[in-house]
Amino acid sequence: MSDMNVQRVLDLIDAYGADMNAFPEDERDAARALVEGSPALFAEALDAARLLDAALLQVPEITPSDDLMARLIASGPKPQAERINILGRLRDILLPQGSRWPMAAGLASLAIGALVGLNLPNVGTDGYDSTQGDVIYAALGLTEYTYDDEVFQ
Amino acid sequence: MAFSSDLDQITRAAAGERGAVAALVARYSPGVLGLSQRMLADNAEAEDVTQETFLRAWKALPNWEPRANFSTWLHRVALNLCYDRLRKRRETTMAELPEQVDRDLRPDERLEQSQRISAIESAISALPERQAAALNLCAIEGHNQKDAAEIMEISQEALESLLARARRTLRKTGLTGARQGQ
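Attention here is on the structure that accompanies the text. (Residues numbered from 1 in each chain as written. Chains lettered and ligands numbered in written order. Predicted model: local features only at pLDDT ≥ 70, side-chain atom pairs only at ≥ 80, totals over all residues. Heavy atoms only, no water.)

This next bit is on the overall build of chain B. The helix and strand inventory of chain B stands at nine helices and zero strands. Each of the 182 residues in chain B was classed as buried or not, and the buried ones make up 46%. Taking all contacts inside chain B whose residues are at least 6 apart in sequence as the whole, residues at least 24 apart take part in 64%. Counting every atom, chain B has about 9,200 Å² of accessible surface; 46% of that belongs to carbon and sulfur. (Helix = DSSP H or I, 4+ residues; strand = E, 2+ residues; numbered from the N terminus. Buried < 20%, exposed > 50% of the residue type's maximum accessible area, 1.4 Å probe, protein only. Contact = heavy atoms within 4.5 Å. Areas by Shrake-Rupley, 256 points an atom, 1.4 Å probe, with all protein chains shown as cover.)

Now the structure itself:
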């Protein structure tokens with residue numbers, strides 16, 4: 001970098017320490033050349049920075065415990081087959097006889113309901129005859145036919 | 001800190017391949033845990049943050065943008081979770097960090113080393129949180145300026161300023177003098 005100067009090198013040492021490999025890549029070579037050309041200019045700053053670098057180097061690396069690693073891995077995505085297996089197991093618990101019988105039971109219920117419904121007389125629960133059409137039209141407000149009309153007939 | 005095989009492993013991990021999941025955990029959990037532990041100075045909280053970070057990563061994997069840097073993204077999530085927790089703390093408490101000393105030393109040397117490490121860690125965690133984050137990422141975790149700035153979502157100039165202030169503060173605490181035998 002062409003605008004490298006003494007103050008910039010001192011700023012770099014101030015921020016990144018004495019190890020010039022830690023300097024930003026695009027300024028590293030120019031800074032190193034300047035330091036090597038005039039070492040006395042930077043000796044004091046480098047010495048102070050080295051002491052702090054050495055102190056920071058003592059900070060131990062932190063290693064996750066086996067238990068934490070196992071938990072992190074266990075929380076990871078599951079294969080598609082395993083996901084389907086989980087759904088399958090859930091189905092087996094809820095429908096131990098398989099899904100054929102519940103489906104047959106559902107269809108039978110529908111058939112019985114339809115049969116009973118079709119054979120019922122067209123009479124309301126109040127015991128008065130009324131056609132389905134009358135009630136629907138009245139509910140929609142399309143006729144003057146009311147519930148009272150039917151009750152007091 | 002970026003690995004060329006990341007995308008391949010991300011794709012395989014997203015499909016649930018256990019080996020790829022384990023590889024991502026092995027590669028990135030030490031950095032995430034280390035950053036969290038030094039920011040929060042609390043083992044249990046650091047583990048919680050690490051777990052939460054990876055849970056978010058697993059959710060993000062199916063829609064992963066190939067150009068994104070997994071390491072940067074992961075550390076940014078962890079750092080933001082740390083910031084959230086630090087904000088929630090009314091008082092900063094320095095929890096005991098695990099004792100990590102060299103077993104080959106004599107007992108008195110071991111004690112001295114343990115105290116020195118504890119002093120350094122205390123001094124770092126007492127820094128303002130953004131200064132601590134910058135120092136942890138660059139000086140301890142070894143991220144380059146570009147990655148650290150991206151993780152912190154700041155410019156490289158701002159990162160440099162934070163680093164310089166952090167180092168000046170640490171020098172003032174007498175940390176460097178302590179190492180010389182104080």
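Picking up after the structure, the text goes on.
Of the regular secondary structure elements, chain A holds eight helices and zero strands. Across chain A, helices and strands are ordered from the amino to the carboxyl terminus as α-α-α-α-α-α-α-α. The 153 residues of chain A split such that 24% are buried. If you take every contact in chain A between residues at least 6 apart in sequence, the share linking residues at least 24 apart comes to 42%.

The next point concerns the packing of helix α3 (residues 43–60) of chain B against helix α4 (residues 70–88) of chain B. Residue and element names in this part refer to chain B. Closest axis-to-axis distance for the α3/α4 pair is 9 Å, and the angle between their directions is 135°. In terms of their interaxial angle, α3 and α4 are classed as oblique. Once α3 is placed against α4, the crossing between them reads as right-handed. Residue-level contacts link E45, D48, V49, E52, T53, F54, R56, A57 and A60 of α3 to F70, W73, L74, V77, A78, L81, C82 and R85 of α4. For the contact of α3 with α4, the class distribution of residues is eleven nonpolar, one polar and five charged. (Axes fitted to C-alpha atoms, helices over the stretch in contact; angles between N-to-C directions. Parallel < 35°, antiparallel > 145°, perpendicular 65-115°, else oblique. Left-handed = near helix turned anticlockwise from the far one by under 90°. Nonpolar A, V, L, I, M, F, W, Y, C, P; charged D, E, K, R; others polar.)

This brings us to the side chain of B:T50. Counting through the fold element by element, B:T50 comes out in helix α3. Reaching out from B:T50, the side chain makes a polar contact with the backbone oxygen of B:A46 at a distance of 2.8 Å. (Polar contact = N/O pair within 3.5 Å; in protein donor to acceptor, adjacent residues only side chain to side chain.)

The final tally for this structure, using the stated rule, is 19 salt bridges over all chains. A salt bridge links A:R71 to A:D67, with the shortest nitrogen-to-oxygen separation between them at 3.0 Å. Of this pair, A:R71 and A:D67 both sit in helix α4 (residues 66–74), four residues apart, which is roughly one turn of that helix. The partly exposed category is assigned to A:R71, whose relative accessible area is 30%. The residue B:R27 makes a salt bridge to B:D6 at a minimum N-O spacing of 2.9 Å. (Salt bridge = Lys/Arg side-chain N within 4 Å of Asp/Glu carboxyl O.)

Counting residues in hydrophobic clusters, the biggest one holds 71 residues, and the most contacted among them are B:M39, B:F70, B:L79, B:I124 and B:M152. Looking at which element gives the most residues to this core, the answer is helix α2 (residues 18–40) of chain B, with ten residues. Those residues in contact with B:I124 that sit more than four places away from it in its chain are A:L56, A:V59, B:A132, B:L135, B:N136, B:I140 and B:L170. (Core = buried A, V, L, I, M, F, W, Y, C linked by side-chain atoms within 4.5 Å.)

At the interface, 39 residues of chain A touch 43 residues of chain B. When the two sides are added together, the surface that chain A and chain B hide from each other amounts to roughly 3,600 Å², 62% of it contributed by carbon and sulfur. Across the pair B:E160 and A:R8 runs a salt bridge whose closest N-O atoms are separated by 2.6 Å. At the junction of chain A with chain B, the criterion picks out twelve residue pairs in polar contact (both at pLDDT 80 or more). Of all elements in the fold, only α1 (6–16), α3 (39–57), α4 and α5 (80–94) of chain A reach the threshold of two or more residues within the side of chain A that touches chain B. A per-element tally of the side of chain A that touches chain B places α3(A) first, with eight residues. (Buried area = accessible area lost by both parts, 1.4 Å probe.)

Once that is clear, we can look at the environment of B:S155. All names here are of chain B. Here S155 shows up in the loop between α7 (145–152) and α8 (156–172). Overall, S155 belongs to the partly exposed group, its relative accessible area being 36%. Each C-alpha atom, one on S155 and one on Q145, is 9.3 Å from the other, the two residues being ten residues apart in sequence.

What follows covers the packing of aromatic side chains. All names here are of chain B. Per the counting criterion, the structure on display carries five aromatic pairs over all chains. Ring geometry for F54 and W58: centres 5.6 Å apart, planes at 50°, overall tilted. In this pair, F54 and W58 both sit in helix α3, four residues apart, roughly one turn of the helix. In terms of burial, F54 and W58 fall into one category: buried. Within the aromatic cluster, the residues linked to one another by ring pairs are Y28, W64, F70 and W73. (Phe/Tyr/Trp six-rings, centres within 6.5 Å; stacked < 30°, edge-to-face > 60°.)

What follows covers helix α2 (residues 25–37) of chain A. All names here are of chain A. Here α2 contains 13 residues, and its C-alpha end-to-end distance of 19 Å stays within 8% of the 18 Å for a straight helix at 1.5 Å per residue. Listing the buried residues of α2 in full gives E27, A31 and V35. Elements in contact with the buried residues of α2: α1 and α3. (Expected span 1.5 Å × (residues − 1).)

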